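This is what each chain is made of:
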Amino acid sequence: MRVRETKVAHPLVGRALGGVVGLALLLPGAAGAADPPSRAIAAANPTVAGDATRDAGMSMVTFNLHHDREDWPERRKTILAGLKRLQPDAIALQEVIQKRDVRNQAEWLAAKLGYSYQFVSTDPAGSVKRYGNALLTRRPVLARGEHLLAPLGDYRTVAHIRIDVDGRPVNVYATHLNERADDAGKRIRREQVEDLLRFISATSAGAPVVIAGDFNALVDAGDLSELRSHYGDSYGSVHVNNDLSTVSTLNRHYFQSPSRIDHIFFQQDVMLAREARILFDTPDEGGRWASDHYGVWTRLQFAPDPPR
């Protein structure tokens, strides 16, 4: 297993260290500068913003961007407005693309939000066209990493950042697993989950773990069983008494059957899922959808320390 990780100096005490070799990393402002501390951005929806900060913890979004299809210049306005209202501590993005006439989508969103970001791709750094996953955060970044998931022929990646959440380190991972629905796809996803868990074990440094992304599998699928044995499903934990069979993260405008395949998993012994909702599940005023997926937002709270 190839593990790449860079520890980053805290932005309040020093400059950030150099980026990971082969990693596309751009920060708002000058490249190579320390990651900015959390910024107070006026929320358009004070109720959501208040909920997200009511208890000690963090909020997280995962969203499949559908790369630059379906009029990206217009879609990104809806996505940006929604993210500005929520002000999540971290954002996991899948199907992120950059090419000759399209600025890296994660870079564009991060610049507009005032977040730092990390983009991970199997395409070589410096290539005109690159495609992959990304993590965005408004929190100080303590460490960064990336990994190519086995089997390498499937060209799947995982991005990692360790962020400072009000003095507590939290590991955030973003990935996108194989999309095939047949038995071969299930075997590949199972291998990818096993490799993902090895990468987490090698890089989490004992801090709480949150894993987000497009897993291309229902939360109770056998290929995700090893992941579920270690981490909780935030949406399912919040909506435990509801019928989840009709909940979908695949946009019903594009897909006939409901399927919840985009997830935010969390480490249950140190964190609690308090709220979770589906995002971008209605079109804009012009009838344009944000993506062929819906997003997922969750608010996680640090579990109280056990009594001595």
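In this text, all values refer to a predicted model and were calculated from it rather than measured experimentally. Throughout this description, residue numbers start from 1 for each chain and increase along the sequence as written. Side-chain atom pairs in this predicted model are given and counted only at pLDDT of 80 or more, local residue features only at pLDDT of at least 70, and totals for whole chains, interfaces and linings cover all residues. Where side-chain values are given, they derive from all heavy atoms of the structure, hydrogens and water being excluded.

A. Local environment of the confidence of the model for the chain. Of all residues in the chain, 82% have pLDDT values of 70 or greater, and the mean over the chain is 86. Taken as a whole, residues 10-53 scores under 50 in pLDDT and shows 92 contacts with residues more than four places along the chain or in a different chain. pLDDT measures the predictor's confidence residue by residue and takes values from 0 up to 100. Residue contacts are defined here by distance: any two heavy atoms, one from each residue, within 4.5 Å place the two residues in contact.

B. Highlighting the sheet that holds strand β12 (residues 271-279). Strand pairing requires that DSSP identify at least two bridges connecting the strands. To qualify as a helix, a DSSP run of H or I must reach at least 4 residues; to qualify as a strand, a run of E must reach at least 2; elements of each kind are numbered from the N terminus. What the six strands build is an open sheet, ordered β4-β5-β3-β2-β13-β12; its pairing is mixed. The open sheet terminates on both sides in strands that have one partner only, identified here as β4 (116-121) and β12. Going from strand to strand, the sheet's axes swing by 20° on average, the running direction of each strand aside. The pairing of strand β3 (residues 90-98) with strand β5 (residues 130-137) spans seven bridges and is classified as antiparallel. If you follow isoleucine 97 over to β5, its bridge partner there is tyrosine 131. Inter-axis angles, ranging from 0 to 180 degrees, are taken between N-to-C directions of lines fitted to C-alpha atoms, where helices are fitted over the stretch in contact. Lying on the sheet, helix α2 (residues 72-86) is in contact with β2 (57-64), β3, β12 and β13 (295-302); it crosses β2 at an angle near 170°. Across the sheet, helix α3 (residues 105-113) touches β3, β4 and β5, and the angle it forms with β3 is around 135°.

C. Main features of the packing of α2 against α3. The N-to-C vectors of α2 and α3 enclose an angle of 45°; their axes lie 11 Å apart at closest approach. Relative to α3, α2 is oriented oblique. As α2 runs across α3, the sense of the crossing is right-handed. On α3, the residues touching Trp72, Arg76, Ile79, Leu80, Leu83 and Lys84 of α2 are Gln105, Trp108, Leu109, Lys112 and Leu113. The classification used treats Ala, Val, Leu, Ile, Met, Phe, Trp, Tyr, Cys and Pro as nonpolar, Asp, Glu, Lys and Arg as charged, and all other residues, Gly among them, as polar. By residue class, the composition of the contact of α2 with α3 is seven nonpolar, one polar and three charged. The scheme is simple: roughly parallel for angles under 35 degrees, roughly antiparallel for over 145, roughly perpendicular for 65 to 115, oblique for anything else. Take the far helix as your reference; a near helix turned counterclockwise from it by less than a right angle gives a left-handed crossing, and one turned clockwise gives a right-handed crossing.

D. Seen up close, the packing of aromatic side chains. Two aromatic rings from Phe, Tyr or Trp, using only the six-membered ring of Trp, form a pair when their centres are within 6.5 Å; if the ring planes differ by under 30 degrees the pair is stacked, by over 60 it is edge-to-face, and anything between is tilted. With the rule as written, the count across this model stands at five aromatic pairs. Each ring, one from phenylalanine 63 and one from phenylalanine 280, has its centre 4.7 Å from the other, and the planes form 45°; the classification is tilted. Residue phenylalanine 63 is found in strand β2, and its partner phenylalanine 280 is found in the loop between β12 and β13; the two are separated by 217 residues along the sequence. A simple rule labels every residue: compare its accessible area, found with a 1.4 Å probe on the protein chains alone, to the largest value its type can have, and call it buried under 20%, exposed over 50%, or partly exposed in between. Given the relative accessible area of 1%, phenylalanine 63 is considered buried. Residue phenylalanine 280 is classed as buried on the basis of its relative accessible area of 12%. Taking the centre distance of 5.2 Å and the plane angle of 90° together, the rings of phenylalanine 215 and phenylalanine 265 count as edge-to-face. Of the two residues, phenylalanine 215 sits in the loop between β9 (209-214) and α5 (225-228) while phenylalanine 265 sits in strand β11 (residues 262-266), which places them 50 residues apart along the sequence. For the residue pair phenylalanine 215 and phenylalanine 265, the accessibility class agrees, reading buried in each case. Counting as a charge over the ring demands two things of the Lys NZ or Arg CZ atom: a distance within 6 Å of the ring centre and an angle within 35 degrees of the ring normal. In this arrangement the basic side chain of arginine 168 is found over the ring face of phenylalanine 302, its NZ or CZ atom lying 4.1 Å from the centre.

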